[in-house]
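Listed below are the residues making up each chain.
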Amino acid sequence: MKKVLVSICMAGAVVGLSSCASTKNAATLSSLGGEWNIIEINGMAVVPAPGQEFPFLGFDTQAGRIYGNSGCNSLTGTLDVNAKPEKIDFSNLGSTRMMCPDMTLENNVLSALGTIKKYKSLGQDNMALYASSKRPVIVLQKRTSASGLSGLEGKWMVSEAGGEAVPENMEKQPFIEFDINGKKIHGNAGCNIINGDIQTDEASASSISFPMVTSTMMACPDMEVESRILKALNEVRTFGRLAGGSIGLYNADNTLVMVLTQN
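Heads up: these notes are all about the structure in this document. (Residues numbered from 1 in each chain as written. Predicted model: local features only at pLDDT ≥ 70, side-chain atom pairs only at ≥ 80, totals over all residues. Heavy atoms only, no water.)

**As for the packing of aromatic side chains**
How two aromatic rings sit relative to each other is given by the distance of their centres and the angle of their planes.
Item 1. Going through the model one piece at a time under the given rule, you end up with three aromatic pairs.
Item 2. Ring centres 6.2 Å apart and planes at 55° place the aromatic pair Phe178 and Phe210 in the tilted group. Within this pair, whereas Phe178 is found in strand S12 (residues 175-179), its partner Phe210 is found in the loop between strand S14 (193-197) and strand S15 (214-215), the two being separated by 32 residues in sequence.
Item 3. When the ring centre of Phe56 is taken as origin, the NZ or CZ atom of Arg143, which lies over that ring, is 4.1 Å away.
Item 4. It is Lys155 that lies over the ring of Phe175; its NZ or CZ is 4.4 Å from the centre. (Phe/Tyr/Trp six-rings, centres within 6.5 Å; stacked < 30°, edge-to-face > 60°. Helix = DSSP H or I, 4+ residues; strand = E, 2+ residues; numbered from the N terminus. Lys NZ or Arg CZ within 6 Å of the ring centre and 35° of its normal.)

If you want it as C-alpha coordinates, here you go:
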(Lines give C-alpha, C1' and ligand atoms only; values in the text may rest on other atoms or scores of the structure.)
Protein backbone atom coordinates (compact mmCIF):
# COMPACT_ATOMS: atom_id res chain seq x y z
CA MET A 1 0.00 0.00 0.00
CA LYS A 2 2.82 2.38 0.89
CA LYS A 3 4.41 1.76 -2.51
CA VAL A 4 1.13 2.60 -4.24
CA LEU A 5 0.77 5.81 -2.27
CA VAL A 6 4.35 6.79 -3.04
CA SER A 7 3.78 6.12 -6.72
CA ILE A 8 0.63 8.22 -6.73
CA CYS A 9 2.42 11.06 -4.92
CA MET A 10 5.32 10.90 -7.33
CA ALA A 11 2.96 10.93 -10.28
CA GLY A 12 1.23 13.95 -8.81
CA ALA A 13 4.55 15.68 -8.36
CA VAL A 14 5.50 14.99 -11.97
CA VAL A 15 2.15 16.34 -13.19
CA GLY A 16 2.64 19.40 -11.03
CA LEU A 17 6.12 20.02 -12.36
CA SER A 18 4.91 19.49 -15.89
CA SER A 19 2.11 21.97 -15.32
CA CYS A 20 4.53 24.52 -13.89
CA ALA A 21 6.93 24.04 -16.78
CA SER A 22 4.10 24.38 -19.27
CA THR A 23 2.96 27.62 -17.66
CA LYS A 24 6.51 28.93 -17.47
CA ASN A 25 7.16 28.23 -21.17
CA ALA A 26 3.78 29.45 -22.39
CA ALA A 27 4.00 32.08 -25.11
CA THR A 28 2.90 35.54 -24.01
CA LEU A 29 1.32 38.34 -26.01
CA SER A 30 4.61 40.25 -26.02
CA SER A 31 6.32 37.31 -27.72
CA LEU A 32 4.01 37.86 -30.71
CA GLY A 33 5.23 41.43 -31.15
CA GLY A 34 6.77 42.33 -34.50
CA GLU A 35 6.38 40.92 -37.99
CA TRP A 36 6.25 37.28 -39.07
CA ASN A 37 6.39 35.63 -42.49
CA ILE A 38 3.79 32.93 -43.12
CA ILE A 39 6.03 30.03 -44.20
CA GLU A 40 3.70 27.04 -43.85
CA ILE A 41 -0.06 26.40 -44.16
CA ASN A 42 -1.60 23.06 -43.20
CA GLY A 43 1.74 21.29 -43.45
CA MET A 44 2.60 22.71 -46.88
CA ALA A 45 5.52 25.11 -47.35
CA VAL A 46 4.58 28.54 -48.72
CA VAL A 47 6.52 29.31 -51.91
CA PRO A 48 6.09 32.91 -53.11
CA ALA A 49 5.98 33.57 -56.84
CA PRO A 50 9.12 35.07 -58.43
CA GLY A 51 9.52 38.69 -57.35
CA GLN A 52 7.02 38.36 -54.52
CA GLU A 53 7.55 38.27 -50.76
CA PHE A 54 6.03 35.90 -48.22
CA PRO A 55 2.57 36.78 -46.91
CA PHE A 56 3.04 38.07 -43.38
CA LEU A 57 1.38 39.13 -40.13
CA GLY A 58 2.43 42.00 -37.91
CA PHE A 59 1.40 42.32 -34.26
CA ASP A 60 1.51 45.67 -32.47
CA THR A 61 0.99 44.43 -28.91
CA GLN A 62 1.07 47.95 -27.46
CA ALA A 63 -1.60 49.49 -29.68
CA GLY A 64 -3.63 46.25 -29.95
CA ARG A 65 -3.38 46.03 -33.72
CA ILE A 66 -2.86 43.30 -36.31
CA TYR A 67 -1.71 44.11 -39.84
CA GLY A 68 -0.09 42.32 -42.74
CA ASN A 69 -0.56 40.96 -46.23
CA SER A 70 -2.23 37.74 -47.33
CA GLY A 71 -0.40 37.42 -50.65
CA CYS A 72 -2.32 40.05 -52.58
CA ASN A 73 -4.35 42.21 -50.21
CA SER A 74 -3.44 44.14 -47.08
CA LEU A 75 -4.81 42.90 -43.76
CA THR A 76 -5.74 44.96 -40.72
CA GLY A 77 -7.63 44.33 -37.49
CA THR A 78 -7.58 44.56 -33.72
CA LEU A 79 -5.62 42.42 -31.28
CA ASP A 80 -7.26 41.57 -27.95
CA VAL A 81 -4.55 42.57 -25.49
CA ASN A 82 -6.63 41.17 -22.60
CA ALA A 83 -6.98 37.66 -24.04
CA LYS A 84 -5.64 34.71 -22.07
CA PRO A 85 -2.05 33.67 -22.85
CA GLU A 86 -1.79 31.73 -26.13
CA LYS A 87 -5.37 32.62 -27.14
CA ILE A 88 -6.00 34.67 -30.28
CA ASP A 89 -8.88 35.45 -32.62
CA PHE A 90 -8.68 36.65 -36.23
CA SER A 91 -12.45 36.80 -36.82
CA ASN A 92 -12.50 40.62 -37.08
CA LEU A 93 -9.60 40.82 -39.54
CA GLY A 94 -10.41 42.89 -42.62
CA SER A 95 -8.65 43.19 -45.97
CA THR A 96 -8.51 45.31 -49.10
CA ARG A 97 -10.29 43.99 -52.19
CA MET A 98 -7.74 43.93 -55.01
CA MET A 99 -7.73 41.12 -57.55
CA CYS A 100 -4.40 39.47 -58.41
CA PRO A 101 -3.56 37.05 -61.26
CA ASP A 102 -3.39 34.09 -58.86
CA MET A 103 -5.50 34.21 -55.69
CA THR A 104 -4.72 30.63 -54.55
CA LEU A 105 -2.23 31.59 -51.84
CA GLU A 106 -4.42 34.46 -50.69
CA ASN A 107 -7.45 32.20 -50.33
CA ASN A 108 -5.42 29.61 -48.42
CA VAL A 109 -4.11 32.25 -46.00
CA LEU A 110 -7.54 33.75 -45.31
CA SER A 111 -9.18 30.35 -44.94
CA ALA A 112 -6.52 29.20 -42.47
CA LEU A 113 -6.64 32.40 -40.42
CA GLY A 114 -10.38 31.98 -39.99
CA THR A 115 -9.82 28.76 -38.00
CA ILE A 116 -7.11 30.00 -35.62
CA LYS A 117 -7.79 29.95 -31.87
CA LYS A 118 -4.37 29.84 -30.21
CA TYR A 119 -0.64 30.29 -30.69
CA LYS A 120 2.50 28.63 -29.32
CA SER A 121 6.17 29.44 -29.55
CA LEU A 122 8.36 27.07 -31.57
CA GLY A 123 11.54 28.79 -30.47
CA GLN A 124 12.99 32.26 -30.77
CA ASP A 125 12.26 32.72 -34.47
CA ASN A 126 9.13 30.64 -35.08
CA MET A 127 5.52 30.70 -33.91
CA ALA A 128 2.72 28.21 -34.59
CA LEU A 129 -0.98 29.07 -34.95
CA TYR A 130 -3.49 26.34 -34.11
CA ALA A 131 -7.17 25.59 -34.59
CA SER A 132 -8.60 22.86 -32.33
CA SER A 133 -6.08 20.11 -33.11
CA LYS A 134 -2.49 19.74 -31.92
CA ARG A 135 -1.13 20.15 -35.44
CA PRO A 136 -0.21 23.72 -36.49
CA VAL A 137 -2.42 25.27 -39.14
CA ILE A 138 0.05 28.09 -39.82
CA VAL A 139 3.76 28.37 -39.04
CA LEU A 140 5.27 31.84 -38.74
CA GLN A 141 8.91 32.86 -39.00
CA LYS A 142 10.24 36.12 -37.56
CA ARG A 143 10.97 38.65 -40.28
CA THR A 144 14.57 39.78 -40.38
CA SER A 145 13.65 43.18 -41.81
CA ALA A 146 10.77 44.39 -39.67
CA SER A 147 9.34 47.77 -40.62
CA GLY A 148 10.77 49.91 -37.85
CA LEU A 149 10.69 53.69 -38.05
CA SER A 150 14.25 53.77 -39.42
CA GLY A 151 13.04 51.74 -42.39
CA LEU A 152 11.10 54.79 -43.59
CA GLU A 153 14.23 56.85 -44.13
CA GLY A 154 14.57 58.28 -47.63
CA LYS A 155 12.33 59.04 -50.59
CA TRP A 156 9.06 57.19 -51.28
CA MET A 157 6.64 57.63 -54.16
CA VAL A 158 2.94 57.91 -53.30
CA SER A 159 1.32 55.09 -55.29
CA GLU A 160 -2.09 55.12 -53.60
CA ALA A 161 -4.05 57.68 -51.57
CA GLY A 162 -7.57 57.62 -50.20
CA GLY A 163 -8.17 54.13 -51.58
CA GLU A 164 -7.35 55.09 -55.19
CA ALA A 165 -4.20 54.57 -57.24
CA VAL A 166 -2.15 57.64 -58.15
CA PRO A 167 -1.88 57.99 -61.96
CA GLU A 168 1.60 57.25 -63.29
CA ASN A 169 1.46 59.95 -65.98
CA MET A 170 1.24 63.00 -63.72
CA GLU A 171 3.54 65.92 -64.57
CA LYS A 172 4.78 65.89 -60.97
CA GLN A 173 4.69 62.46 -59.37
CA PRO A 174 3.78 62.78 -55.66
CA PHE A 175 6.46 61.71 -53.19
CA ILE A 176 7.37 61.93 -49.52
CA GLU A 177 10.93 62.03 -48.20
CA PHE A 178 11.49 61.07 -44.56
CA ASP A 179 14.20 62.57 -42.36
CA ILE A 180 13.85 60.29 -39.34
CA ASN A 181 16.59 61.88 -37.23
CA GLY A 182 15.26 65.38 -37.88
CA LYS A 183 11.64 64.16 -37.50
CA LYS A 184 10.63 65.93 -40.71
CA ILE A 185 8.97 65.10 -44.02
CA HIS A 186 9.37 66.88 -47.34
CA GLY A 187 7.77 66.13 -50.67
CA ASN A 188 5.33 67.00 -53.39
CA ALA A 189 1.60 66.25 -53.31
CA GLY A 190 1.20 66.38 -57.09
CA CYS A 191 1.22 70.14 -57.51
CA ASN A 192 2.52 71.82 -54.38
CA ILE A 193 5.59 71.25 -52.23
CA ILE A 194 4.77 69.91 -48.75
CA ASN A 195 6.67 69.96 -45.46
CA GLY A 196 5.78 68.73 -42.00
CA ASP A 197 6.81 67.17 -38.72
CA ILE A 198 6.92 63.49 -37.77
CA GLN A 199 5.28 62.62 -34.47
CA THR A 200 5.43 59.17 -32.83
CA ASP A 201 4.34 57.48 -29.61
CA GLU A 202 7.02 55.53 -27.75
CA ALA A 203 4.34 53.14 -26.45
CA SER A 204 3.62 51.92 -30.01
CA ALA A 205 6.33 50.88 -32.48
CA SER A 206 4.02 51.49 -35.46
CA SER A 207 2.78 54.92 -34.37
CA ILE A 208 3.28 57.86 -36.74
CA SER A 209 1.45 61.07 -37.60
CA PHE A 210 2.21 64.31 -39.45
CA PRO A 211 1.00 67.37 -37.53
CA MET A 212 1.32 70.79 -39.11
CA VAL A 213 1.78 69.70 -42.75
CA THR A 214 2.15 72.86 -44.83
CA SER A 215 2.18 73.34 -48.60
CA THR A 216 2.83 76.02 -51.18
CA MET A 217 -0.24 77.62 -52.74
CA MET A 218 0.08 77.05 -56.49
CA ALA A 219 -3.06 76.19 -58.44
CA CYS A 220 -2.89 73.34 -60.98
CA PRO A 221 -5.45 72.19 -63.58
CA ASP A 222 -6.29 69.05 -61.56
CA MET A 223 -6.06 69.21 -57.76
CA GLU A 224 -8.03 66.02 -57.05
CA VAL A 225 -5.01 63.79 -56.37
CA GLU A 226 -3.35 66.46 -54.26
CA SER A 227 -6.49 66.86 -52.15
CA ARG A 228 -6.62 63.12 -51.49
CA ILE A 229 -2.96 63.03 -50.48
CA LEU A 230 -3.24 65.97 -48.07
CA LYS A 231 -6.40 64.54 -46.53
CA ALA A 232 -4.74 61.14 -46.07
CA LEU A 233 -1.61 62.65 -44.48
CA ASN A 234 -3.79 64.45 -41.96
CA GLU A 235 -5.48 61.15 -41.00
CA VAL A 236 -2.38 58.94 -40.64
CA ARG A 237 -1.83 57.38 -37.21
CA THR A 238 0.16 54.16 -37.83
CA PHE A 239 2.29 52.46 -40.48
CA GLY A 240 3.25 48.92 -41.51
CA ARG A 241 5.22 47.03 -44.14
CA LEU A 242 3.24 45.65 -47.11
CA ALA A 243 4.13 42.80 -49.46
CA GLY A 244 6.85 43.75 -51.91
CA GLY A 245 8.44 46.22 -49.49
CA SER A 246 5.90 49.04 -49.80
CA ILE A 247 4.74 50.98 -46.74
CA GLY A 248 1.11 51.29 -45.72
CA LEU A 249 -0.12 54.31 -43.74
CA TYR A 250 -3.31 53.79 -41.69
CA ASN A 251 -5.84 56.06 -39.99
CA ALA A 252 -7.21 55.74 -36.45
CA ASP A 253 -9.70 53.08 -37.63
CA ASN A 254 -6.85 50.97 -39.11
CA THR A 255 -8.03 51.79 -42.64
CA LEU A 256 -5.27 51.94 -45.26
CA VAL A 257 -5.21 55.56 -46.47
CA MET A 258 -1.87 55.72 -48.32
CA VAL A 259 0.68 53.39 -49.93
CA LEU A 260 4.30 54.43 -50.40
CA THR A 261 6.68 52.66 -52.79
CA GLN A 262 10.41 53.07 -53.35
CA ASN A 263 11.78 53.05 -56.90
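On we go.
**Re unusual backbone geometry**
Item 1. Residues other than glycine seldom take positive phi values, yet Lys183 does so here, at roughly 55°.
Item 2. Phi is positive for Met212, which is not a glycine, with a value near 60°.
Item 3. Looking at the secondary structure, you find Met212 in the loop between S14 and S15.
Item 4. For Met212, a relative accessible area of 67% puts it in the exposed group. (Buried < 20%, exposed > 50% of the residue type's maximum accessible area, 1.4 Å probe, protein only.)

**Re the pattern of salt bridges**
Item 1. By the definition in use, this model includes five salt bridges.
Item 2. For Arg143, the salt bridge identified is with Glu35, shortest N-O distance 3.1 Å. Here Arg143, found in the loop between strand S9 (138-142) and strand S10 (154-161), pairs with Glu35, found in strand S1 (residues 34-41); they are 108 residues apart in sequence, far enough to count as distant.
Item 3. Judged by relative accessible area, which is 9%, Arg143 ranks as buried.
Item 4. With a closest N to O distance of 2.7 Å, Glu224 and Arg228 form a salt bridge. Here Glu224 and its partner Arg228 are both found in helix H4 (residues 224-235), four residues apart, which amounts to about one turn of the helix.
Item 5. Exposure remark for Glu224: the relative accessible area of 38% places this residue in the partly exposed category.
Item 6. Residue Arg228 is classed as buried on the basis of its relative accessible area, which comes to 12%. (Salt bridge = Lys/Arg side-chain N within 4 Å of Asp/Glu carboxyl O.)

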